[in-house]
Amino acid sequence: MNEKVVEILLVEDNPTDVELTLRAFKKNNITNSVHVSKDGQDALDFIFAHGKYADRAINFTPKVILLDLQLPKVSGMEVLRRIKSDERTKLVPVVVLSSSKEEQDLIESYKLGVNSYITKPIDFENFSKAVSTVGYYWTLFNQPPL
Amino acid sequence: MKIETRLKLNYLISLSVIIILLIVLVWIYRMMIKAEENEDLAADIRKNALERIMFRDEYLMTNVERARAQFISKTKTVDNLLTRALHNFTKTSDKALCEEIQKSFDITNTIFSRIVNIRAKDSNLRRGSIASPEGEQRLIGQLILKAYDLNGKIARLNDSAELTATNVREALVLLLLCFISLMVISNIYNSVSIGNLLGKRVKMISEGTTIIGAGNLGYRIAVSGDDELSILARQTNDMAAQLQNSYAALEQEIGYRESANRELEAFSYSVSHDLRTPLRAINGFSAAVIEDYADKLDDEGKRLLNVINDNAKKMGHLIDDLLAFSRIGRQELKKQEIDMHVLFNSAAQNFIYTVSERVFHLDIKPMLAAIGDPVLITQVIINLLSNAIKFSEPKDSIDIEIGCSPEEHENIYYVKDHGVGFDMQFADNLFGVFQRLHSQDQFEGTGVGLALSQRIIHRHGGRMWAEGIVNEGAIFYFTLPKSRNAE
């Protein structure tokens, strides 16, 4: 593949949220390459280099995966479980970006090994701040195990 | 058979045995009297017959007229006695004996009369002579023989009468013994069987009620019979069945409620998730317009977009509050002993910095410990404190007093401010969801805080109410169960 290595995988089915997230990145000068998966199956295919991503090199894992919980086909919780239970991907940082503040979602996510859980603020200013902070932190400051 | 019937039967048996016994006693007593009479009669006959023989012998030997007259008089007596005997003796053998005696007696009389006749004819010839002619000698011989026979028969009658009397006496004693033992045995049998039945039934019912009482509502006491305790056992069974039905109905009801609760949870989950997303879009894109097209918009255009922006935010808060409110109802209470002083104090710390530029005077009176969920109670305290501060803002200083007074089973806590207060006629509206007493421009807020606080207190079994005077301040009270270790 000729594209550059994907650094952020955004798993989000809602196009407005995708647009707002990308806008927040751009506004905060996060220029890392982003791949957007619109459902859980696409995300899993991308991560494990299956289906239409079969020729992608699996060892080029994203620096961070931003994951919504309510997704078509395969739920966000299931995607998280598969990532964290696979030796090849379990070290990839996963940040849940969800609208849900429900305690059960929080507990379940942390049990599955999520690295961070962020509730999407309704206010764009806060949303933009949250998303960019996550972007900076995981792509720039965080030192991943090599 | 019913126990009552059995007990009645017991009494009836005793009564009838006594009655029968009395009748039999009277009957036997009469028999005995009669037998004794007969005994006396037979003895009398015997005595008189012997005396008659004495007079007969005297007459035969002396031929004295007095002796003859005495003999005839005795004969009459014996004849009368025999007539009575014939009438009185009822036993066949005795009656036959009496007849025989009568016959022999008559014969002796006939023979005696003939002797007397012979002697009367010869009186002139043989006056003074004792010697008897040959014919007379023969008659005398016959008379003695017959009299001997008669005496034997009379003795037999006497013996028989004595025997009868003895028999009747013995029979009386025997019968008495029989009846008494019959009565005693039947009463003992009845009492023992009633006792056994009672014991068996009571044991069964007691075991059954113990099992049912322990929670096995499907258990039924094995019932046989139609006595009172069987009826009680059946009623107990009916009661258990009724309980079982009610229990099943309740469980079904709980099932419905649980599923309704699950639906509600799913509902609030989707509200929480799905309602937020479009709001974020509204807010985000109106912000994008302001950012990207700032040069093309005049001030009014920007203001209108900001109104959209603010309202989207406000709706976000409303959704959050509504969800928080609905979550209180479902959330499990983690009750423990709470040091209310610590709770009030740490909650108050949150506000010190927000009002630092104002005169903030907080007076926390001595506090009593309570029982409750500290997280939820903290939420109540924060709500009350933030209200007190919010509604004190128009005043020069913020003056808040927190205190507590003990009641019998609960403690009353209060938060008193000297803020804008409220009109008591609207006191009931204070705790309604989204109910506000002030306009949105005067004081911020969604109007859920007090409703939420009251719901938390209600879930703890407490009460919450408020008193206020316009422009003078308000006091909010809530109660919580006392700590058991308070004393």
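Rules used in this analysis
Residues numbered from 1 in each chain as written. Chains lettered and ligands numbered in written order. Predicted model: local features only at pLDDT ≥ 70, side-chain atom pairs only at ≥ 80, totals over all residues. Heavy atoms only, no water. Helix = DSSP H or I, 4+ residues; strand = E, 2+ residues; numbered from the N terminus. Rg over C-alpha atoms; globule rule 2.2 N^0.38 Å. Contact = heavy atoms within 4.5 Å. Areas by Shrake-Rupley, 256 points an atom, 1.4 Å probe, with all protein chains shown as cover. Buried < 20%, exposed > 50% of the residue type's maximum accessible area, 1.4 Å probe, protein only. Domains from an automatic or database assignment. Pairing = 2+ DSSP bridges. Axes fitted to C-alpha atoms, helices over the stretch in contact; angles between N-to-C directions. 1 Å grid on protein atoms, 1.4 Å probe; cavity = no way out; pocket = protein on both sides within 12 Å on 5 of 7 lines; lining within 4 Å. Points joined across faces, edges and corners; volume = space filled by probe spheres on them. Nonpolar A, V, L, I, M, F, W, Y, C, P; charged D, E, K, R; others polar. Parallel < 35°, antiparallel > 145°, perpendicular 65-115°, else oblique. Left-handed = near helix turned anticlockwise from the far one by under 90°. Salt bridge = Lys/Arg side-chain N within 4 Å of Asp/Glu carboxyl O. Expected span 1.5 Å × (residues − 1). Arc of directions from axis to C-beta. Polar contact = N/O pair within 3.5 Å; in protein donor to acceptor, adjacent residues only side chain to side chain. Phe/Tyr/Trp six-rings, centres within 6.5 Å; stacked < 30°, edge-to-face > 60°. Lys NZ or Arg CZ within 6 Å of the ring centre and 35° of its normal. Patch = residues over 30% accessible without salt bridge, like charges linked within 9 Å, V, L, I, M, F, W, Y side chains within 5 Å. Core = buried A, V, L, I, M, F, W, Y, C linked by side-chain atoms within 4.5 Å.

The next subject is the overall build of chain B. Helices and strands together make up the secondary structure of chain B, namely ten helices and seven strands. Whereas a compact globule of 487 residues would reach a radius of gyration of roughly 23 Å, chain B reaches 63 Å, over 25% beyond that. Expressed along its principal axes, the backbone C-alpha trace of chain B runs to roughly 205 × 45 × 35 Å. When contacts within chain B are restricted to residue pairs at least 6 apart in sequence, those whose partners lie at least 24 apart make up 73%. Carbon and sulfur atoms provide 59% of the accessible area of chain B, an area that totals close to 28200 Å².

Now for the overall build of chain A. Helix and strand content of chain A: five helices and five strands. Ordered by position in the sequence, the α and β elements of chain A form the string β-α-β-α-β-α-β-α-β-α. By principal-axis analysis of the C-alpha atoms, chain A measures approximately 40 × 35 × 30 Å. Here chain A holds 146 residues, and 53% of them are scored as buried. Taking contacts inside chain A between residues at least 6 apart in sequence as the whole, the part at least 24 apart equals 65%. If you sum the accessible surface of chain A, you get close to 7200 Å²; carbon and sulfur atoms cover 53% of it.

Before going further, it helps to examine the domain arrangement of chain B. On domain assignment, one finds that chain B holds domain 1 (3-195), domain 2 (215-265), domain 3 (275-330) and domain 4 (332-481). If you average the C-alpha positions of domain 1 of chain B and of domain 2 of chain B, the two centres end up 84 Å apart.

Another aspect to go through is the sheet that holds strand β6 (residues 464-469) of chain B. Residues and elements named next belong to chain B. Spatial strand order, β2-β4-β5-β7-β6: five strands in an open sheet with mixed pairing. The open sheet has two edge strands with one neighbour each: β2 (359-364) and β6. Going across the sheet, the axis of each strand differs from the next one's by a mean of 15 degrees, ignoring polarity. Examined bridge by bridge, strand β5 (residues 410-417) and strand β7 (residues 473-481) share eight bridges and lie antiparallel to one another. Counted as the bridge partner of Lys416 is Ile475 from β7. In the packing of helix α8 (residues 340-352) onto the sheet, contacts are made with β2, β4 (397-406), β5 and β7, and the angle to β2 comes to roughly 175 degrees.

Residues and elements named next belong to chain B. Of the voids in this model, the largest pocket is the one considered here, and its volume is about 720 Å³. If you trace the largest pocket, you find 33 residues lining it, with Asn387, Lys390, Glu444, Gly445 and Gly447 closest to the centre. Looking at the lining of the largest pocket, the elements with two or more residues in it are α7 (299-330), α9 (374-390), α10 (449-459) and β7. Counting residues per element, the lining of the largest pocket draws most heavily on α9, which supplies five residues. By residue class, the composition of the lining of the largest pocket is 15 nonpolar, eleven polar and seven charged. Counting residues domain by domain, the lining of the largest pocket receives three or more from each of domain 3 (275-330) and domain 4 (332-481).

On to the packing of helix α1 (residues 15-27) of chain A against helix α5 (residues 124-141) of chain A, then. All names here are of chain A. Axis separation between α1 and α5 bottoms out at 9 Å; the angle between their running directions is 65 degrees. Accordingly, the angle class assigned to the pair α1 and α5 is roughly perpendicular. Crossing of α1 over α5 shows right-handed handedness. Counted together, Asp17, Leu20, Thr21, Arg23, Ala24, Phe25 and Lys27 of α1 and Phe124, Phe127, Ser128, Val131 and Gly135 of α5 form the full contact between these two elements. Here the contact of α1 with α5 is built from residues that sort into six nonpolar, three polar and three charged.

Looking now at the pattern of salt bridges. All names here are of chain B. If you walk through the whole model with that rule in mind, you get 29 salt bridges over all chains. Across the pair Glu65 and Arg68 runs a salt bridge whose closest N-O atoms are separated by 2.7 Å. Here Glu65 and its partner Arg68 are both found in helix α2 (residues 65-88), three residues apart, which amounts to about one turn of the helix.

All names here are of chain B. With 13 residues, α8 extends 19 Å from end C-alpha to end C-alpha; this agrees with the ideal 18 Å at 1.5 Å per step. If you check which residues of α8 are buried, you get Met340, Leu343, Phe344, Ala347, Ala348 and Phe351. Taken down its axis, α8 places every buried residue within 125 degrees of arc, on the same side. N-capping of α8 is provided by Asp339, with a side-chain oxygen placed 3.1 Å from the backbone N of His341.

Time to look at the packing of aromatic side chains. Applying the stated criterion across every chain yields a total of twelve aromatic pairs over all chains. Put simply, the rings of B:Tyr59, B:Phe71 and B:Phe112 touch in pairs and so form one group of aromatic residues. The cationic tip of A:Arg56 hangs over the ring face of A:Phe46; the distance from NZ or CZ to the ring centre is 4.1 Å. Directly above the ring of B:Tyr59 sits B:Arg119, whose terminal nitrogen or CZ lies 5.3 Å from the centroid.

The next subject is the interface of chain A and chain B. Contacts between the two partners involve 22 residues from chain A, matched on the other side by 22 residues from chain B. Scanning the region where chain A abuts chain B turns up five salt bridges. For A:Arg23, the salt bridge goes to B:Glu291, with nearest N and O atoms at 3.1 Å. Inspection of the region where chain A meets chain B yields seven residue pairs in polar contact (both at pLDDT 80 or more). Per-element tally for the side of chain A that touches chain B: the top contributor is α1(A), with six residues. When the residues that make up the side of chain A that touches chain B are grouped by side-chain class, the tally is five nonpolar, seven polar and ten charged.

A contiguous nonpolar patch, built from B:Tyr11, B:Leu12, B:Leu15, B:Ile19 and B:Ile23 and spanning about 510 Å² of accessible area, is present on the exposed surface. Relative to the helices and strands, B:Ile19 resides in helix α1 (residues 3-62).

Residues and elements named next belong to chain B. For Phe422, the location among the structural elements is in the loop between β5 and α10. When the C-alpha atoms of Phe422 and Ile144 are compared, they prove to be 149 Å apart, with 278 residues separating the residues in sequence. Beyond its immediate stretch of four places on either side in the chain, Phe422 contacts Ala427, Leu430, Leu437, Ala466, Glu467, Gly468, Ile469, Val470, Ala474 and Phe476.

On to the nonpolar core. By size, the foremost hydrophobic cluster in this structure holds 45 residues, and its most contacted members are B:Met340, B:Phe344, B:Ile377, B:Leu385, B:Tyr413, B:Phe476 and B:Phe478. Elements with a contribution of two residues or more to this core: α7, α8, α9, β4, β5, α10, β6 and β7 of chain B. At eight residues, α9(B) tops the list of elements feeding residues into this core. Split by domain, this core shows at least three residues from each of two domains, domain 3 (275-330) and domain 4 (332-481) of chain B. Beyond its immediate sequence surroundings of up to four residues, B:Tyr413 is in contact with B:Met340, B:Phe344, B:Met367, B:Leu368, B:Ala369, B:Ala370, B:Gly403, B:Cys404, B:Phe476, B:Tyr477, B:Phe478 and B:Leu480. Of all hydrophobic cores here, the second largest spans 23 residues; its members include A:Leu44, A:Ile47, A:Phe48 and A:Tyr117.

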